[in-house]
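# Coordinate inspection notes
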Amino acid sequence: MGEDGRIATLLAPKPCLVVGNRRDWLQARKRFIGASDAAAIWGSSGWASPYSCWWSKVGPLEDQPSDIIQRVGHAMEPFIAELFTEATGVQIYDPGDFAVYINPEVHCMGCTPDRLTIDGHAIVELKTASFSSAEEWKTRVPISYQCQLQHSMICCGVEKAYIAVLINGTSFKWHEMDLYESFKRRHTAKCLSFWKEYVEPQTAPPTDYSKATSQALLAQWQDSRDRIVDLPDQMNGLGQRYEKLGRIGSAVERHKEEIKNRASRGSFRHGAPLRPLV
């Protein structure tokens with residue numbers, strides 16, 4: 001970085017906290033809603049839910065090793081950053097893997113951006129996409145990443161963000177996004193209410209159908225799976241509903257197989273009626 005770059009970097013947002021290792025960074029993240037949590041509290045994340053976000057804050061620290069996709073994504077960041085600067089001419093720098101930026105007005109909001117522009121005007125996120133997720137990236141920024149960008153802009157006090165993505169290792173795209181004041185107001189209020197209503201009192205949010213919630217519940221109650229407990233009154237009837245849905249689900253699968261088999265042997269040409277679903 002040249003002299004102009006060093007001077008410009010002085011204008012960039014300064015982190016509120018810099019820790020020395022991943023475990024301390026994970027511990028710090030339990031004290032705020034991060035950018036990767038932003039879509040989760042709205043129920044718009046493909047990998048997290050309001051319940052799993054809550055459990056990540058109030059439960060014990062779980063330092064799960066990064067999977068291969070996450071490791072590849074992190075390893076590719078310098079190359080994607082190089083492609084971004086080549087395409088845009090925008091000079092950027094790395095604030096570090098463990099730098100935390102906290103919203104000065106709402107302290108339960110924080111982020112660790114991938115990069116910042118050296119003029120201090122924008123954040124930059126660097127992503128990889130492959131398989132099914134790649135198709136959406138070809139036309140637009142997925143909603144979960146839009147939430148992430150907006151959240152990071154709020155925390156860093158900037159009004160512009162860039163996101164650059166390497167798709168299937170063969171094509172590169174970048175997008176520019178402005179801070180939306182209406183979303184800023186609603187999202188800040190959402191983060192604050194989530195923190196005050198659920199995290200601070202350690203009161204669980206409602207559960208949903210997501211895999212993330214199932215995994216969080218399993219982690220929460222893994223030491224009590226062999227115990228028998230009395231369910232509260234508001235859960236009366238859930239067992240019967242579960243069993244009924246199981247019967248309906250089995251009937252649906254049988255019905256689908258019947259249709260497929262009869263279609264294969266041409267039964268529909270003879271007008272044979274289908275059996276009732278249930």
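Further up the page is the structure itself.
A brief look at the structure comes next. (Residues numbered from 1 in each chain as written. Predicted model: local features only at pLDDT ≥ 70, side-chain atom pairs only at ≥ 80, totals over all residues. Heavy atoms only, no water.)

## Some details on unusual backbone geometry
Note the threshold: Numbering of helices and strands runs from the N terminus; a helix is a DSSP stretch of H or I covering at least four residues, while a strand is a stretch of E covering at least two.
For Asn168, which is not glycine, the phi torsion reads 55 degrees and is therefore positive. The residue Asn168 is located in the loop between β7 (160-167) and β8 (171-178) in this model.

## Quick notes on the packing of aromatic side chains
Quick note on the threshold: Stacked, tilted and edge-to-face are the three classes assigned to paired rings of Phe, Tyr and Trp, where Trp is represented by its six-membered ring and a pair needs centres within 6.5 Å; plane angles under 30 degrees give stacked, over 60 edge-to-face, the rest tilted. Relative accessible area decides the class of each residue, using a 1.4 Å probe on protein chains only: under 20% of the type maximum gives buried, over 50% gives exposed, and in between gives partly exposed.
One pass over the full model with this rule turns up 10 aromatic pairs. Ring plane angle 45 degrees and centroid distance 6.0 Å describe the contact between Trp54 and Trp55, whose orientation is recorded as tilted. Each member of the pair Trp54 and Trp55 is classed as buried. Centre to centre, the rings of Trp137 and Tyr145 are 5.1 Å apart; their planes meet at 50 degrees, and the pair counts as tilted.

## So, the sheet that holds strand β3 (residues 99-102)
Cut-off, in case you're wondering: Strands were regarded as paired on the criterion that DSSP finds at least two bridges between them.
Read from one edge to the other, the open sheet built from 3 strands follows the order β1-β3-β4, with strand pairing classed as antiparallel. Taken across any chain shown, the strands that pair with only one partner, and hence form the sheet edges, are β1 (17-18) and β4 (110-111).

## Quick look at the nonpolar core
To keep things clear, this is the line we draw: Buried Ala, Val, Leu, Ile, Met, Phe, Trp, Tyr and Cys residues form a nonpolar core when they are joined through side-chain atoms within 4.5 Å.
Counting 42 residues, the largest nonpolar core has Trp54, Tyr101, Met109, Ile123, Trp137, Met153 and Phe194 as the members making the most contacts within it. Of all the secondary-structure elements, those providing two or more residues to this core are α3 (38-41), α4 (50-58), β3, β6 (122-129), α6 (132-137), α7 (143-156), β7 and α8 (181-199). With 6 residues, the single largest contributor to this core is α7. Ala81, Ala122, Ala164 and Leu166 belong to the second largest nonpolar core, which has 12 residues in total.

## Some thoughts on the side chain of His151
The condition is simple: Should any heavy atoms of two residues lie within 4.5 Å, those residues are considered in contact.
Mapped onto the elements of the fold, His151 is located in helix α7. Not counting residues up to four positions away in its chain, the partners in contact with His151 are Ile33, Gly34, Ala35, Ala38, Met109, Gly110, Cys111, His187 and Cys191.

## Description of the pairing of β3
In β3, alternate side chains face the same way, and those of Ala99 and Tyr101 on one face and Val100 and Ile102 on the other are all buried. Sheet topology note: the β1/β3 ladder contains 2 bridges and is antiparallel. Pairing of Val18 across the sheet is with Ala99, part of β3. For β3 and β4, the ladder comprises 2 bridges, and the chain directions are antiparallel. Bridge pairing links Ile102 to Gly110 in β4.

## Considering the packing of α7 against α8
Two quantities define a packed helix pair, namely the angle between the helix axes and the distance between the axes. Quick reminder of the rule: The axes are straight lines fitted to the C-alpha atoms, using for helices just the contacting stretch, and the angles between their N-to-C directions are given from 0 to 180°. Any angle from 65 to 115 degrees is called roughly perpendicular, while one under 35 is roughly parallel, one over 145 is roughly antiparallel, and all others are oblique. When residues are sorted by character, Ala, Val, Leu, Ile, Met, Phe, Trp, Tyr, Cys and Pro go into the nonpolar class, Asp, Glu, Lys and Arg into the charged class, and all the rest, Gly among them, into the polar class.
Axis separation between α7 and α8 bottoms out at 11 Å; the angle between their running directions is 85 degrees. In terms of orientation, α7 lies roughly perpendicular with respect to α8. Taken together, the residues of α8 that come into contact with α7 (itself represented by Cys147, Gln150, His151 and Ile154) are Phe183, Lys184, His187, Thr188 and Cys191. Looking at the contact of α7 with α8 residue by residue, the classes come out as 4 nonpolar, 4 polar and 1 charged.

## Description of the pairing of β7
In terms of burial, β7 is a largely internal element, 7 of the 8 residues being buried. Where β6 lies against β7, 8 bridges are found, and the strand directions are parallel. When the bridges of β7 are listed, Leu126 appears paired with Ala164. As paired strands, β7 and β8 are joined by 8 bridges and run antiparallel to one another. Residue pairing across strands places Ala164 opposite Trp174, the latter belonging to β8. Between the end of β7 and the start of β8, which pair antiparallel, lie 3 residues, with Asn168 showing a positive phi angle near 55 degrees.

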